[in-house]
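Chain residues, written in single-letter form:
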Amino acid sequence: MLNCLSNLALAAACLLLLAPAPALGQDNPAPDLDSQPKVDGLPAGLQPWRDPENPQVQILDPGWNKYYLRKDMVGDNPKREPGPIDLQRYYVAPTKHAFPTYFGLPVAMTTEDLEAGEVDVAIVGAPSSFNPADGNGWAANYMRLIHNYDFAQTGHDMWFNNEYFDILNVVDYGNANAHPSLMVQNFADQALVFKEILDAGAIPFVIGGDHGTQVASLMALYDHYGPKSFTTVHFDAHTDLAPPDGRLGMFTHGGAALRFAHERGLADGDQIFHVGLRGAYESVERMNWMFETRTNYYFMPRFERNGFDETVDELVAELKGRKIYISIDMDVLDGSLAPGVSNPEIGGMTTLQLMRILRMLALQNEILLIDWVEYSPLLDDRRRSTSNVISRLMRHTLAALAARKQGITDPNYVHPAMLKDNSR
Ligand SMILES: [Mn+2]
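Residues numbered from 1 in each chain as written. Predicted model: local features only at pLDDT ≥ 70, side-chain atom pairs only at ≥ 80, totals over all residues.

Thoughts on the overall build of the chain
In plain terms, the rule: Only DSSP runs of H or I reaching four residues or more are called helices, and only runs of E reaching two or more are called strands; each is numbered from the N terminus. This radius of gyration counts C-alpha atoms alone. The globule rule is 2.2 Å times how many residues there are, raised to the power 0.38. Residue burial here comes from a neighbour count, namely the number of other C-beta atoms, placed from the backbone, that lie within 10 Å of the residue's own C-beta, with 20 or more meaning buried, 12 or fewer meaning exposed, and in between meaning partly exposed. In this description, a residue-residue contact is defined by the distance between C-beta atoms placed from the backbone, which must lie within 7 Å.
Within the chain, the secondary structure is distributed over 12 helices and 12 strands. The C-alpha atoms of the chain give a radius of gyration of 24 Å, which matches the 22 Å a tight globule of 424 residues would have. With the C-alpha coordinates of the chain rotated into their principal frame, the extents come out at 90 × 55 × 40 Å. Of all 424 residues assigned to the chain, the portion counted as buried reaches 42%. When contacts within the chain are restricted to residue pairs at least 6 apart in sequence, long-range pairs at least 24 apart make up 74% of them.

Observations regarding the domain arrangement of the chain
Here is the rule: Domain borders in the structure are assigned automatically or taken from a domain database.
Taken domain by domain, the chain holds domain 1 (8–59) and domain 2 (79–405). The gap between the C-alpha centroids of domain 1 and domain 2 is 42 Å.

Focus: the confidence of the model for the chain
Our working rule: Per residue, pLDDT captures the predictor's confidence, and it can take any value from 0 to 100.
Model confidence for the chain is summarised by a mean pLDDT of 89, while 93% of its residues fall at 70 or above. Predicted confidence for residues 1–17 stays below pLDDT 50, and this span has 16 contacts to residues more than four positions away or in other chains.

Description of the environment of I370
Among the structural elements, I370 can be located in strand 12 (residues 366–373). The exposure class of I370 is buried, given the 27 C-beta atoms found within 10 Å. Taking the C-alpha atoms as reference points, I370 and Y325, separated by 45 residues in sequence, lie 6.1 Å from one another. With residues near it in sequence (within four places) discarded, I370 still touches F205, I326 and I328.

Here's the deal with the packing of helix 10 (residues 308–319) against helix 11 (residues 351–364)
Selection criterion: Comment: axis = line fitted to C-alpha atoms, over the contacting stretch for helices; angle = value between 0 and 180 degrees taken between N-to-C directions. Note that the term roughly parallel is reserved for angles under 35 degrees, roughly antiparallel for angles over 145, roughly perpendicular for angles of 65 to 115, and oblique for everything else. Crossing chirality is assigned from the near helix's rotation relative to the far helix, an anticlockwise turn below a right angle marking it left-handed and a clockwise turn marking it right-handed. The residue classification treats Ala, Val, Leu, Ile, Met, Phe, Trp, Tyr, Cys and Pro as nonpolar and Asp, Glu, Lys and Arg as charged. All others, Gly included, are polar.
Running from N to C, helix 10 and helix 11 cross one another at 25 degrees; their axes reach a closest spacing of 11 Å. Relative to helix 11, helix 10 is oriented roughly parallel. As for the relative orientation of helix 10 and helix 11, their crossing is right-handed in sense. Listed contacts from helix 11 to F308, V312, V316 and L319 of helix 10 are Q353, R356, I357, M360, L361 and Q364. Of the residues contributing to the contact of helix 10 with helix 11, the split by class is 7 nonpolar, 2 polar and 1 charged.

So, the packing of helix 11 against helix 12 (residues 385–405)
For the pair helix 11 and helix 12, interaxial distance at closest approach is 8 Å and the crossing angle is 30 degrees. When the interaxial angle is binned, helix 11 and helix 12 end up roughly parallel. Remark: the crossing between helix 11 and helix 12 carries right-handed chirality. Mapping the contact onto sequence places T351, L354, M355, L358, R359, A362 and L363 in helix 11 and V389, L393, H396, T397, A400, L401, A403 and R404 in helix 12. Its residues assigned to classes, the contact of helix 11 with helix 12 comprises 10 nonpolar, 3 polar and 2 charged.

With respect to the pairing of strand 5 (residues 121–126)
The condition that has to hold: DSSP bridges decide pairing: two strands pair if at least two such bridges lie between them.
Of all the 6 residues making up strand 5, 6 are buried; the element is thus mostly covered by neighbouring parts of the structure. Residue alternation in strand 5 divides its side chains into two sets, V121, I123 and G125 and A122, V124 and A126, and both sets are buried. When strand 5 meets strand 6 (residues 170–175), the two strands line up parallel, connected through 4 bridges. Its bridge partner lying in strand 6, A122 is registered against V171. Pairing analysis gives 6 bridges linking strand 5 to strand 7 (residues 203–208), with the strands arranged parallel. Across the sheet, the residue bridging to A126 is G208, located in strand 7.

Examining unusual backbone geometry
Cis geometry marks the peptide bond from G208 to G209, where omega comes out at 10 degrees. One can find G209 in the loop between strand 7 and helix 6 (213–225). For D40, which is not a glycine, the phi torsion comes out positive at approximately 50 degrees. Mapped onto the fold, D40 is located in the loop between strand 1 (38–39) and strand 2 (42–43). Since 8 C-beta atoms lie within 10 Å of it, D40 is described here as exposed. For R384, which is not a glycine, the phi torsion comes out positive at approximately 50 degrees.

Side note on the pairing of strand 12
Rules: Seen with the strands pointing away from the viewer, any crossover whose path from the first strand over the helix to the second strand runs clockwise is right-handed.
With 7 of its 8 residues buried, strand 12 lies for the most part within the structure. Bridge count for strand 7 against strand 12 is 3 bridges, and the pairing is parallel. Opposite F205, over in strand 12, you have I370 as the bridge partner. Where strand 11 (residues 323–329) meets strand 12, 7 bridges bridge the pair, whose relative direction is parallel. Within the sheet, the bridge partner assigned to Y325 lies in strand 12 and is L369. Since strand 11 and strand 12 lie parallel, the crossover through helix 11 that links them has a hand, and here it is right-handed.

Structure (structure tokens):
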């Protein structure tokens, strides 16, 4: 039996598929639809995926579990020793020539692979797409196909003068599941995949997905580290703090994950930092919720009036000594610089400003996980500029993590040779 989407165009086909298989050459008798109970005004037999007693619950056909069945990725598929697998034929290749993994990096599929490779950062896709502005689900794979000239497995950063892929062990961990109609099950499956990375002591770099991806990130982190064990730094134009009566299904894209975490006692107000807020459709209720719960907030007006660098210094100082989870809604950037997001806003950060904050935090703090969310290749410009912005921000963050691995933890560090003209 197949599950069916609540789509009128599919309903007729679904009814045929859901009926018991007739004997060869015979049709099934017509159901008496008039005698059936109604669910939202339509006969229950036309919507067998809904429980008439509890119509908000979607009945899952056991066959859907196939979507989440995992292969044995070390044993026989293929038979191999654990460790990252390099799929590239050439030592150096531009993206166009490379096998499409993140930055052309080796692939890992299990915790054992990550441990054997002493992996520091595992980039993993989470193609959730429950956003009315469509296309977030394509980001995870599109980010493996950066349009801009990008040499696989090579990288140099001019703030650090380092070659970060030689210092850090970074892999592509593939994608977690995200079936388009099974949002709640997806979050659990994604959290399990993220946990495999945490179990290996590596940092997941999660490529969303809409901001609902944050639910899976938080599930993995709270399960692995425990409640109230870390601080969330939430970069976003929007608060994503919908009240209970305004959540549009709770977790549709940027629903209310952090408010939910606070309501459930998983996070104290002081363990939530909002950075870059300026969205055009928030409310006084949400502002008051932030003030009353004593969350930390860095509105764009504060950056504008007090000076960007000075305000960043306050943020970085407040976060000193904390373990942090960073969630980056790409709409924290100005809409002109990152157009390929679900809900672009004016008055946002520049790429240079976001580079500065990410660099300082990656140097100073123990980072547990970073998710990069809300990118939609379908909404990007023809050059996919936003994918390039995300790629370069990831590279710069990796360069800072490489410097930290070498012992540099001063958030203001920049390689001295890069701050003067060395020819004089
Ligand atoms: Mn968001």
